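Architecture at a glance
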Amino acid sequence: MRKFLLLLFLIPVLAFAESMYSPTWGFILDLPAGYEFADGDGRDRFSFSGPENLIFDLVVYNARFNSIQDLITDVSNRISNKGDFDFFTYNGRQAAIMELTFSGYSGWGLVVELDSQDVSGRKPLLLALAYCPANRIDLDLLNLSALDSICPSPAERFYPGPVMEYSYPRGVQRNTPLAVRGLSALVYENDAEAAQALIEREFLIMQAYLDTPYLQDASIRYYRFIYRDSYDRIANAVSAIAYNFGGNFIITNEQKRMFAQRTLSFVQGFIYERDLNGSDFLNLVTAVTGGRGDCDSRAMLFAVILSHVNIRSAIMISHHYSHAMGLADIAGSGARFESYGTQWLVAETTANIDIGLIAQDQNDPRNWFAVLFE
């Protein structure tokens, strides 16, 4: 039996794999690890070069085109693109997906409306092209992931990406039993399948970085991407659980700790489930409805539930121990993990122990890193 310790668990601040925010237009971009800014004015035009000759171009057009159709026609003519395109609605925004086949390159493009508009009522249009040499179809997932990382505004920061929204329409909401007895919530019928597909795609991408200096950055993005995709999918379920656990009445730090402990006990009670043939990460829709999952899904679900009651939360990951734990910004005694200026309280989700305890054989801070979702 492992021994669990109450200890001060500290680690120096590590470099954070940042996403990019445009203060001019309000969009957010979270490219795969290894992409570097190559050209552009830093305002309306951006060009990034990625590993293996990947290219990502982004341009914002303000009042230049009357419609997305006009923009696609113009771009296709200029680059002699032979690929097709399709229109869809992304979180209430007009959008289109483009297949790119031009001049020895292949990939995908995305056009989506941004928020601000001119006096005529026309909204700026964001055009993003993610492509690579045509003979490298093995890089297609990276192109799709790069486009899927686009948030047209902060409103989509915790909402499925545009590629997933196009590929997996959410369907209708159904009242679905949750893993808390007697509770149910509205869940979109296709969300579990979509969430798992996103996980498997991003896992394959992360695996490509295993023997590179980018592994930690790629891992941070992997978990951050899953959190973003899952948050809205389980929002109704998490709100019902948080209310059931007394989350609407939290005022004091003691109440925060009691809520966090109840949430931790909830995920500790899940059926332990692993899938070593794939990502080994069960999507959060299935986790919260079926009460099952491995350490990764439990730790992330713990973090999501706490965030719904405004308790700062995160997760910590160890490739060395093949483990994940939850983190909570709550005062009081217990094992702590210092990262990004906060001494986080540790939450072990796979053993029936109190918050703030950690296994003695997993307490080397050099083997862990934090993933923040704020």
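Preceding this paragraph is the structure being described.
Residues numbered from 1 in each chain as written. Predicted model: local features only at pLDDT ≥ 70, side-chain atom pairs only at ≥ 80, totals over all residues. Heavy atoms only, no water.

Turning to the pairing of strand β7 (residues 85–90), a few remarks are in order. Of the pairings in the sheet, the one linking β7 to strand β8 (residues 93–102) comprises six bridges and is antiparallel in character. By the bridge assignment for β8, F85 is matched with M98. Between the end of β7 and the start of β8, which pair antiparallel, lie two residues, with N91 showing a positive phi angle near 50°. (Pairing = 2+ DSSP bridges. Helix = DSSP H or I, 4+ residues; strand = E, 2+ residues; numbered from the N terminus.)

Applying the stated criterion across every chain, the model contains 18 salt bridges. Taking the shortest distance from any N to any O, the salt bridge between E202 and R201 comes out at 2.8 Å. For the pair shown, E202 and R201 are each scored as buried. For D329, the salt bridge goes to R312, with nearest N and O atoms at 3.0 Å. (Salt bridge = Lys/Arg side-chain N within 4 Å of Asp/Glu carboxyl O. Buried < 20%, exposed > 50% of the residue type's maximum accessible area, 1.4 Å probe, protein only.)

Bringing the nonpolar core into the picture now. Soluble globular proteins tend to bury their nonpolar side chains together. Among the nonpolar cores identified, the biggest contains 93 residues, and F56, I241, F266, M300, L301 and I315 are the most heavily contacted of them. Among the elements that make up this core, the one with the highest residue count is helix α9 (residues 295–307) (nine residues). When neighbours within four sequence positions are excluded, I315 is seen to be in contact with Y223, A299, M300, A303, M325, G326, L327, F369, A370, V371 and F373. If you look at the next biggest cluster of nonpolar residues, it comprises 16 residues, including V59, I68, L71 and L125. (Core = buried A, V, L, I, M, F, W, Y, C linked by side-chain atoms within 4.5 Å. Contact = heavy atoms within 4.5 Å.)

Time to look at unusual backbone geometry. Look at A63: it is not a glycine, yet its phi comes out positive at around 65°. For A63, the location among the structural elements is in the loop between β6 (55–61) and α1 (68–79). For A63, a relative accessible area of 26% gives the class partly exposed. One non-glycine residue, Y340, adopts positive backbone phi at about 55°. Examined against the element boundaries, Y340 turns out to sit in the loop between β17 (336–339) and β18 (342–347).

Another point: the packing of helix α2 (residues 140–148) against helix α4 (residues 191–207). One way to put it is that α2 packs onto α4 with a least axis distance of 10 Å and a crossing angle of 120°. Between α2 and α4, the interaxial angle falls into the category oblique. For the element pair α2 and α4, the recorded crossing hand is left-handed. Of the residues in α4, those touching α2 at L141, L142, L144, S145 and D148 are L198, R201, E202, L204 and I205. (Axes fitted to C-alpha atoms, helices over the stretch in contact; angles between N-to-C directions. Parallel < 35°, antiparallel > 145°, perpendicular 65-115°, else oblique. Left-handed = near helix turned anticlockwise from the far one by under 90°.)

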